[in-house]
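This is what each chain is made of:
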Amino acid sequence: MKAEIIRRFGLKTFLDGAGLILDHAEAQVRRILATIPDGDYFFTDCADEDAPEGLPIRIALTPRIRGGRASWTIPARTRIWARR
């Protein structure tokens, strides 16, 4: 599909459009982050693996929100694991 869009509209138009999409997504994320109070927020979840024999992978992160900006760390006490 990407190749068809580039063939039809040209590489510059494709790249310009991709840039606009990324700019819009960044603006949306910044608006959302601005509404979250400063703090550290621990979060854990499992990511599904789509391979036939894939195992779920536990993900544990601590998003840190400061002044509408976010960074993420993997807590030292957390092990990332896969289990059957």
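It should be emphasised that the depicted structure is a prediction, and the values quoted were computed from it without experimental measurement.

Caption draft 1: Main features of the overall build of the chain. Within the chain one finds two helices and four strands. Taken from the N to the C terminus, the helices and strands of the chain come in the order α-α-β-β-β-β. Within the chain, buried positions represent 11% of all 84 residues. Accessible area of the chain: about 7,200 Å², with a carbon and sulfur share of 60%.

Caption draft 2: View of the confidence of the model for the chain. Predicted confidence across the chain gives a mean pLDDT of 86, with 88% of residues reaching 70 or more. The spread of mean pLDDT over the elements of the chain runs between strand E2 (residues 43–47), the lowest at 84, and helix H2 (residues 11–33), the highest at 96.

Caption draft 3: Layout of the pattern of salt bridges. Counted by the stated rule, this structure contains four salt bridges. A salt bridge links Glu 26 to Arg 30; its shortest N-O distance comes to 2.9 Å. A residue pair is termed a helical-turn pair when its members lie 3 or 4 positions apart in one helix, as Glu 26 and Arg 30 do in helix H2 at four residues. For Glu 26, a relative accessible area of 39% translates into the label partly exposed. Judged by its relative accessible area of 43%, Arg 30 is partly exposed. One salt bridge in this structure joins Arg 64 and Asp 40, with 3.0 Å as the shortest N-O distance. Highlighted residues: Arg 64 in strand E3 (residues 57–66) and Asp 40 in strand E1 (residues 39–40), separated in sequence by 24 residues. Note on Asp 40: relative accessible area 41%, which makes it partly exposed.

Caption draft 4: Spatial organisation of the packing of helix H1 (residues 2–9) against H2. Between H1 and H2, the shortest axis-to-axis distance is 6 Å and the interhelical angle comes to 120°. Classed by the angle they form, the pair H1 and H2 counts as oblique. For the pair H1 and H2, contact is made by Lys 2, Ile 5, Ile 6 and Phe 9 and by Leu 11, Thr 13 and Phe 14, respectively. Split into classes, the residues belonging to the contact of H1 with H2 amount to five nonpolar, one polar and one charged.

Criteria and cut-off values
- Residues numbered from 1 in each chain as written.
- Predicted model: local features only at pLDDT ≥ 70, side-chain atom pairs only at ≥ 80, totals over all residues.
- Heavy atoms only, no water.
- Helix = DSSP H or I, 4+ residues; strand = E, 2+ residues; numbered from the N terminus.
- Buried < 20%, exposed > 50% of the residue type's maximum accessible area, 1.4 Å probe, protein only.
- Areas by Shrake-Rupley, 256 points an atom, 1.4 Å probe, with all protein chains shown as cover.
- pLDDT = per-residue confidence, 0-100.
- Salt bridge = Lys/Arg side-chain N within 4 Å of Asp/Glu carboxyl O.
- Axes fitted to C-alpha atoms, helices over the stretch in contact; angles between N-to-C directions.
- Parallel < 35°, antiparallel > 145°, perpendicular 65-115°, else oblique.
- Contact = heavy atoms within 4.5 Å.
- Nonpolar A, V, L, I, M, F, W, Y, C, P; charged D, E, K, R; others polar.

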